[in-house]
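# Breakdown of the fold
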Amino acid sequence: MNLLETILATFFKRKIKERIEPIGIGRALLKAMAQEKRSSISRTYVPNQYIVSLHPAQLADLKCMRNTLIDELTTVLKEKADQEDWHFIGPLTIDFYEKDPEQDIEVKVEAFYVENNVNQLDNDRKMEYNNNEIRCETLRYDISALNNGKSEPRLVVEIGNSDVCSVLLRDGLLIGRSSECDLRLDDGNVSRIHAKIFQKDNQWVLKDNQSTNGIYVNGEKIDERILKNCDKIQIGTSVLAFKVDQNA
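So, here is what we can say about the structure in this document. Small disclaimer: the values here were computed from a predicted structure and weren't measured.

What follows is about the overall build of the chain. The number of helices and strands found in the chain is five helices and 19 strands. The long-range fraction of contacts in the chain, counting pairs at least 24 apart against all pairs at least 6 apart in sequence, stands at 57%. A total of about 14100 Å² of accessible surface is found on the chain, and carbon and sulfur atoms cover 45% of it.

In the contact formed by helix H2 (residues 22–35) and helix H4 (residues 66–84), the axes pass within 10 Å of each other and the chain directions differ by 40°. Considering their axes alone, H2 and H4 lie oblique with respect to each other. For the pair H2 and H4, the crossing hand works out as right-handed. Note on element contacts: H4 touches H2 through Leu 69, Leu 73, Val 76, Leu 77, Lys 80 and Ala 81, opposite Pro 22, Ile 25, Gly 26, Leu 29, Leu 30 and Met 33. Its residues assigned to classes, the contact of H2 with H4 comprises 10 nonpolar, one polar and one charged.

Take the sheet that holds strand S2 (residues 44–45) next. Here three strands make up an open sheet; going across it, the order is S1-S2-S4 and the pairing mixed. In this open sheet, the two strands that pair with only one neighbour each are strand S1 (38–39) and strand S4 (86–87). Pairing between S2 and S4: two bridges, direction parallel. Bridge pairing in S4 places Thr 44 opposite Trp 86.

Now for the sheet that holds strand S5 (residues 93–98). Pairing in this open sheet of three strands is mixed, and the strands run S5-S3-S6 from one edge to the other. Each end of this open sheet is capped by a strand with a single partner; those strands are S5 and strand S6 (108–112). Between one strand and the next, the sheet's axes are offset by a mean angle of 20°, whatever the strand orientation. Sheet topology note: the strand S3 (residues 49–54)/S5 ladder contains six bridges and is parallel. From the neighbouring strand, Leu 54 faces S5, where its bridge partner is Glu 98. Contacting S3, S5 and S6, H2 crosses the sheet at an angle of about 135° to S3. Sheet strands in contact with H4 are S3 and S5, and its direction is about 130° off that of S5.

By the alternation rule, side chains of strand S18 (residues 232–235) split into Ile 233 and Ile 235, which are all buried, and Lys 232 and Gln 234, of which none is buried. As paired elements, strand S15 (residues 215–217) and S18 share three bridges and run antiparallel to each other. Considered in S18, the bridge of Ile 215 is made with Ile 235.

Rules used throughout
Residues numbered from 1 in each chain as written. Predicted model: local features only at pLDDT ≥ 70, side-chain atom pairs only at ≥ 80, totals over all residues. Heavy atoms only, no water. Helix = DSSP H or I, 4+ residues; strand = E, 2+ residues; numbered from the N terminus. Contact = heavy atoms within 4.5 Å. Areas by Shrake-Rupley, 256 points an atom, 1.4 Å probe, with all protein chains shown as cover. Axes fitted to C-alpha atoms, helices over the stretch in contact; angles between N-to-C directions. Parallel < 35°, antiparallel > 145°, perpendicular 65-115°, else oblique. Left-handed = near helix turned anticlockwise from the far one by under 90°. Nonpolar A, V, L, I, M, F, W, Y, C, P; charged D, E, K, R; others polar. Pairing = 2+ DSSP bridges. Buried < 20%, exposed > 50% of the residue type's maximum accessible area, 1.4 Å probe, protein only.

Written out as structure tokens, the structure reads:
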């Protein structure tokens, strides 16, 4: 095979690889729905909001059938939920998001619980799509709250651009601009790995990771701070809330 043939073969191989078939997206959605299901005393719940992240080339390939595909995939998820006797806590929605072209081409699905009473949320807590950039400020629902009136400790994005609406805390959770972080903030004033949260003596501790612009908790600049319910955390121009009680 001469050089030209090699170049053409590589080009067409890459184009085929970047193409995504709708059935592949459907399988990824069904997998995410099953993995994120949660059981209460009498029912099993599954997420009702899905974000599908695709490579720009894949997203462009599906542009002509986007709405039709969303309708079909929504029907597939509803039929699967009916078959398994799973329940949604609010309207079922699916949308697409363009990934960084430097990332891999594997389809990525994020699934969230968003309660039906969205009118109770602050005006800032909306989902906007701007130049293929998602800004998600809705609360993530935790089914464990049905039993004791509380949910697991979490960070809620109140102001700022993030891939997720909120994250449940874990020991060693990272916050920053890097894709390696558990809570990624798309904010030029945020360092790549800006802060971390860890457990100490059964308490959650927020620590500055030698960031450029520092961290403020309730308006006070801190290096390290034990978090309390409803603390407001400012990182760059983003504002997060530390939540322990579901109704706080």
